[in-house]
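Listed below are the residues making up each chain.
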Amino acid sequence: MIRNLYPIIFSVFLLISLLTNPFWAFAEEDACAEKGILVKNMTTFNLWSRVDQGACYIYQKNKFVRVLPGEKIGIFSDLVCLTSHCDDFTYEKFLSSDGNGDCRVRINPGCEVSDL
């Protein structure tokens with residue numbers, strides 16, 4: 001009688017583990033959410049940047065700017081942030097480019113984003 005319960009118990013355990021496994025992926029947290037992602041200017045010249053329509057700041061080559069969740073950054077080629085150099089980048093775009101999870105990426109010439 002007890003021998004007949006083993007397949008039933010195993011089946012129930014297997015069913016529970018299969019049902020809860022997809023939810024483990026949602027439990028993964030964003031490691032960069034608190035401190036943001038550092039974005040390094042690896043283009044060949046100084047640019048200007050604006051985060052969420054804020055003030056326009058010089059974005060020197062080989063320097064970092066911090067982007068927090070929900071923010072987007074515009075990269076411009078003029079000092080009043082009117083001439084767009086790249087399309088706006090979002091935090092999510094930078095996060096998806098961060099392959100090693102160190103919360104650092106770079107903007108290369110041609111407006112390409114890659115892991116740092």
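Residues numbered from 1 in each chain as written. Predicted model: local features only at pLDDT ≥ 70, side-chain atom pairs only at ≥ 80, totals over all residues. Heavy atoms only, no water.

Considerations on the overall build of the chain
Right, on to step 1. Across its full length, the chain holds two helices and eight strands.
Right, on to step 2. The order of helices and strands in the chain, counted from the N terminus, is α-β-β-β-β-β-β-α-β-β.
Right, on to step 3. For the chain, the residues scored as buried account for 28% of the 116 residues in total.
Right, on to step 4. Partitioning the contacts of the chain with sequence separation of at least 6, the portion at a separation of at least 24 is 47%. (Helix = DSSP H or I, 4+ residues; strand = E, 2+ residues; numbered from the N terminus. Buried < 20%, exposed > 50% of the residue type's maximum accessible area, 1.4 Å probe, protein only. Contact = heavy atoms within 4.5 Å.)

Side note on the nonpolar core
Right, on to step 1. Counting 17 residues, the largest nonpolar core has Val39, Ile75, Phe89, Phe94 and Ile107 as the members making the most contacts within it.
Right, on to step 2. Contributing elements (two or more residues each) for this core: strand S1 (37-41), strand S4 (64-67), strand S5 (72-76), helix H2 (91-97) and strand S7 (104-108).
Right, on to step 3. With near-sequence residues (within four places) excluded, Ile107 lies in contact with Val39, Lys40, Asn41, Met42, Thr43, Tyr59, Ile75, Phe89, Phe94, Glu112 and Val113. (Core = buried A, V, L, I, M, F, W, Y, C linked by side-chain atoms within 4.5 Å.)

Structural notes on the environment of Gly101
Right, on to step 1. Structurally, Gly101 is set in the loop between H2 and S7.
Right, on to step 2. Taking C-alpha positions, Gly101 is 9.0 Å from Asp115, a pair spaced 14 residues apart along the chain.

Some words on the side chain of Ser49
Right, on to step 1. Positionally, Ser49 belongs in strand S2 (residues 47-51).
Right, on to step 2. Apart from the residues lying within four places of it in its own chain, the contact partners of Ser49 are Ala55, Cys56, Tyr57, Tyr59, Ile73, Gly74, Ile75, Phe76 and Cys81.

Some details on the state of the cysteines
Right, on to step 1. Considering all chains together, one arrives at three disulfides under this definition.
Right, on to step 2. Covalent S-S linkage joins Cys32 and Cys103, the inter-sulfur distance amounting to 2.0 Å. Its S-S torsion of approximately -95 degrees makes the covalent link between Cys32 and Cys103 left-handed. Linking Cys32 in the loop between helix H1 (2-26) and S1 with Cys103 in the loop between H2 and S7, this pair joins segments that are 71 residues apart in sequence. Both residues of the pair, Cys32 and Cys103, belong to the buried class. (Disulfide = S-S within 2.5 Å.)

On their own, these measurements won't tell you what the molecule is for.
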